[in-house]
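# A structural walkthrough
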Amino acid sequence: MDTIAFIGGGNMASAIIGGLCRNARAAPSILVVDPGDAQRTKLEADFGVRTLAAADASLKDASLVVWAVKPQFFQSAAAPCVAHVAGALHLSVMAGIRSDAIARAAGTQRVVRAMPNTPALIGQGISGLYARDAVTATEKTRIEQVLAPTGQTLWATEMGLSGEQGKQLALATFAGATALAAASDEPPQVLRDRVTSKGGTTHAALTSLEADGVKAAFIKALRAAQQRARELGDEFGRA
């Protein structure tokens, strides 16, 4: 059986798995390795996929391995996989783990890195993609097909993004965040907290913004607009 294996079964893995299943991927052809009993039970109930508490030789059936663990768990998660995954194409959705580290751990240069955002959960995300030289055009197309149900994709180079790609990324990020907030019964603060792992990239950015007083600056700007509206009313709004 041609298998897609996920190392880690959290939110982003679930978003991709859900998309695969909606696009008629047979659930038994998806294997998820996750040590959490509750998460494995949820994945089996939601999608009917196969799960493992720890990697074993069944990973040799995988033509594609998706790395979806938190960066701090990558080395320990990779160790039991190394003997079984060198023949597969590898897709990482982990923050911060460089493609050369994944290539060493996987035993192959066929590695693509992706950075999806949270609106991928409702099919309105955008993922920046980077492929190592060993990845073929056909394999790039396969990665695009796997990620398509989560939203848009764009390929970047070692030099980063073009101006047009930057615009596409910015617009899609705002549109996706708005759609996710509209589709959820939970406040934006809760949605944000779900992707703000302590010590992670989002946490670092928000900590920096708070240190620079950005929240206070926005409040000050809104109060200035409110005050000017009052002044305009006093000046021009009298009957």
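These lines cover the structure that appears in this document, whether it is placed above or below.

Basis of the calculations
Residues numbered from 1 in each chain as written. Predicted model: local features only at pLDDT ≥ 70, side-chain atom pairs only at ≥ 80, totals over all residues. Heavy atoms only, no water. Helix = DSSP H or I, 4+ residues; strand = E, 2+ residues; numbered from the N terminus. Buried < 20%, exposed > 50% of the residue type's maximum accessible area, 1.4 Å probe, protein only. Contact = heavy atoms within 4.5 Å. Areas by Shrake-Rupley, 256 points an atom, 1.4 Å probe, with all protein chains shown as cover. 1 Å grid on protein atoms, 1.4 Å probe; cavity = no way out; pocket = protein on both sides within 12 Å on 5 of 7 lines; lining within 4 Å. Points joined across faces, edges and corners; volume = space filled by probe spheres on them. Nonpolar A, V, L, I, M, F, W, Y, C, P; charged D, E, K, R; others polar. Pairing = 2+ DSSP bridges.

Further remarks concern the overall build of the chain. A tally of regular secondary structure across the chain gives 9 helices and 8 strands. Here the C-alpha coordinates of the chain stretch approximately 80 × 40 × 35 Å along the principal axes. Expressed as a percentage of its 239 residues, the buried residues of the chain come to 38%. Across the chain, contacts joining residues at least 24 apart in sequence account for 55% of those joining residues at least 6 apart. Surface accessibility of the chain: about 13300 Å² in total, with carbon and sulfur atoms responsible for 57%.

Here the second largest pocket defines a volume of roughly 220 Å³. Together, Arg 192, Leu 206, Leu 209, Glu 210, Val 214, Lys 215 and Phe 218 line the second largest pocket. Of all elements in the fold, only helix 8 (201–211) and helix 9 (214–236) reach the threshold of two or more residues within the lining of the second largest pocket. Taken together, the residues that form the lining of the second largest pocket break down as 4 nonpolar, no polar and 3 charged.

Our focus in this paragraph is the pairing of strand 5 (residues 89–92). Side chains Leu 89 and Leu 91 of strand 5 all project onto a buried face; the interleaved residues His 90 and Ser 92 project onto the opposite face, where all are buried too. Pairing geometry for strand 4 (residues 62–67) and strand 5, over 4 bridges, is parallel. Residue pairing in the sheet places Leu 64 in a bridge with Leu 89 of strand 5. Note: strand 5 against strand 6 (residues 111–115), 3 bridges, orientation parallel.

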